Protein chains: 2
Amino acid sequence: MRYTLQVQYIGKNFAGSQIQFENGREIETPTIQGELEKALCKLIIGGKAAVNKTRQVKTVFSGRTDRGVNSEGQVVHFDTDKSIVASKFVYQLNEILPKEISVSDLKAVDEKFHAQKSAKSRYYRYVFVNRKCKNAFDGDLMRVKFDINIDRMNKALSYLLGEHDFSSFKSSGTLNPSKVCFIEKAAAYRDGDKVIIDIVGNRFLYNMVRTIVGTLLEIEGHNRSAELMKQVLDACDRRKAGHTVSPYGLTLMKVTY
Amino acid sequence: MRYTLQVQYIGKNFAGSQIQFENGREIETPTIQGELEKALCKLIIGGKAAVNKTRQVKTVFSGRTDRGVNSEGQVVHFDTDKSIVASKFVYQLNEILPKEISVSDLKAVDEKFHAQKSAKSRYYRYVFVNRKCKNAFDGDLMRVKFDINIDRMNKALSYLLGEHDFSSFKSSGTLNPSKVCFIEKAAAYRDGDKVIIDIVGNRFLYNMVRTIVGTLLEIEGHNRSAELMKQVLDACDRRKAGHTVSPYGLTLMKVTY
């Protein structure tokens, strides 16, 4: 049987979502996937197997999130022959997982369902604080001290809507050769001292959301025109975009199938 | 000149708000007061003085908060002969302070003002999660798995209103001999998965709010009558009350003068 889970996590203390191997050895631990597979293995197969380093219950994530990036709606699938009682299973899995990782919404799905390949869209949210002075409750969010013009930000974001080559906003290290993404929503708004940027697209390149936010801040910080976003997009040149901002404000909100 | 500041902090990584001495030596560091006095000293007197262990700028807090307790509205006063430009001073002080401590609302006040003695009331908030399953975003909040009856909780809290001897809700170690407090507000409500309890009083005994919350949970968890709160209050006996709950959900919201 194939099952899906929604996975919530705070990425700060993890080396990204995905288990990474080098010469057959797992490197850069802990990862969200590593912790989840250990917990699933402990629950499904039993105590001793979980200590074993071979991946006895494998998970497939909707997509990779980087070190420091959070999730409210990551989707994962895994296969098992064991029968699972949903409410008990989710509760027990949560008790085993580290406190910064939780799961919900266990569902049995068709074996053709694939958490990554079946995904139609991903919804990311970036949040930063827009205030001159620090506040103890800002946590790890980036603080932008200069005034933000939300209307200009929304105009700049509007150039990203539709299908484009997003080469300008990808960091090196992207394995997928295609740089074309379809963006269906990109909007900024203010919530008290915070600025929230929501972007929904069929796929995202490596560091793409964080580089889009960096480009927005380039426009705001230097009082440039919103059209700069279009120029950067059209250039298909990473050197034209702003810097890649901190991962801590980024959350994978939802994956739609 | 005497000045006041509002101080916000996340108490988790601090040994309470107040500097504590034993045989003339500071023990159990870091404290909120210790960090604030070091930063004030650095800013008002200069770099070298801040390294010196003598307290060259002394602060008076509205009251002590324990290890792990947060503040959104702690009030502090301090005296200095140096002239202070409010906006610059607050900004610079924030940049020096650790990220879990911030200050705001600097005001020059009359020399008769005293952050502790002039305070008319303190407003504390306790927040816990009421949900069976864990969520990665719960942070350090206590999770209560059984159902909470908010109406019964409010009835139980209503017995605390007015002037009473709160001996039943004080932990040992309270120095002040008087156990009489006047509670002007005590109310519980639900906000999504969270339960929020707001209590306003002229003063609070050591661990009083946390022990009141522990007694509410004793009523809820064992399906007891709300009148149990009145029985515990009347008994003036700490052994009749519930346990002292985790400090992480507690925040000093506001001090009124």
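You'll find the structure just up there.
In this report, we go over the structure that sits alongside the text. Everything numeric in this text was worked out from a predicted model, so none of it was measured.

### Considering the packing of aromatic side chains
(1) Moving on: Scanning the entire structure with this criterion turns up ten aromatic pairs over all chains.
(2) Moving on: Ring geometry for B:Phe113 and B:Tyr257: centres 4.8 Å apart, planes at 55°, overall tilted. Of this pair, B:Phe113 sits in the loop between strand S6 (101-109) and strand S7 (121-130) while B:Tyr257 is found in the segment after strand S12 (250-256), placing the two residues 144 residues apart along the sequence.
(3) Moving on: What links up through ring pairs into an aromatic cluster is the set A:Tyr3, A:Phe78 and A:Phe89.

### Concerning the interface of chain B and chain A
(1) Moving on: The interface is formed by 27 residues belonging to chain B together with 27 residues belonging to chain A.
(2) Moving on: Around 2000 Å² of area is buried between chain B and chain A when both sides are counted, 53% of it from carbon and sulfur atoms.
(3) Moving on: Where chain B packs against chain A, one counts four salt bridges.
(4) Moving on: Put simply, A:Glu95 and B:Arg143 hold a salt bridge, and the shortest N to O gap is 3.2 Å.
(5) Moving on: In this assembly, chain B and chain A are joined by 16 residue pairs in polar contact (both at pLDDT 80 or more).
(6) Moving on: Elements with a contribution of two residues or more to the side of chain B that touches chain A: strand S1 (2-9), strand S5 (70-79), helix H3 (86-96) and S6 of chain B.
(7) Moving on: In terms of residues, the side of chain B that touches chain A owes the most to one element, H3(B), which gives four residues.
(8) Moving on: Per-class residue counts for the side of chain B that touches chain A are ten nonpolar, seven polar and ten charged.

Parameters at a glance
Throughout, residues of each chain are indexed from 1 in the direction in which the sequence is written. Each chain is given a letter, starting from A, and each ligand a number, starting from 1, according to the order in which they appear as written. Local features in this predicted model are restricted to residues whose pLDDT is 70 or higher, and side-chain atom pairs enter the listing and the counts only when it is 80 or higher, whereas totals over whole chains, interfaces and linings include all residues. In computing side-chain values, all of the structure's heavy atoms are included and hydrogens and water are not. Working definition: rings of Phe, Tyr and Trp (its six-membered ring) pair if their centres are within 6.5 Å, and the pair is stacked with planes under 30 degrees apart, edge-to-face with planes over 60 apart, and tilted otherwise. Secondary structure counts use DSSP, requiring at least four H or I residues in a row for a helix and at least two E residues in a row for a strand, with both numbered from the N terminus. By definition in these notes, contact holds between two residues if any of their heavy atoms fall within 4.5 Å. Take the accessible area each of two parts loses on contact, using a 1.4 Å probe, and add the two losses: that sum is the buried area. Criterion for a salt bridge: a side-chain nitrogen of Lys or Arg within 4 Å of a carboxyl oxygen of Asp or Glu. For this analysis, a polar contact is any N or O atom pair within 3.5 Å, provided that within protein one partner can donate a hydrogen and the other can accept it, and provided that sequence-adjacent residues contribute only side-chain to side-chain pairs. Here the nonpolar group is Ala, Val, Leu, Ile, Met, Phe, Trp, Tyr, Cys and Pro; Asp, Glu, Lys and Arg are the charged ones; every other residue, Gly included, is treated as polar.

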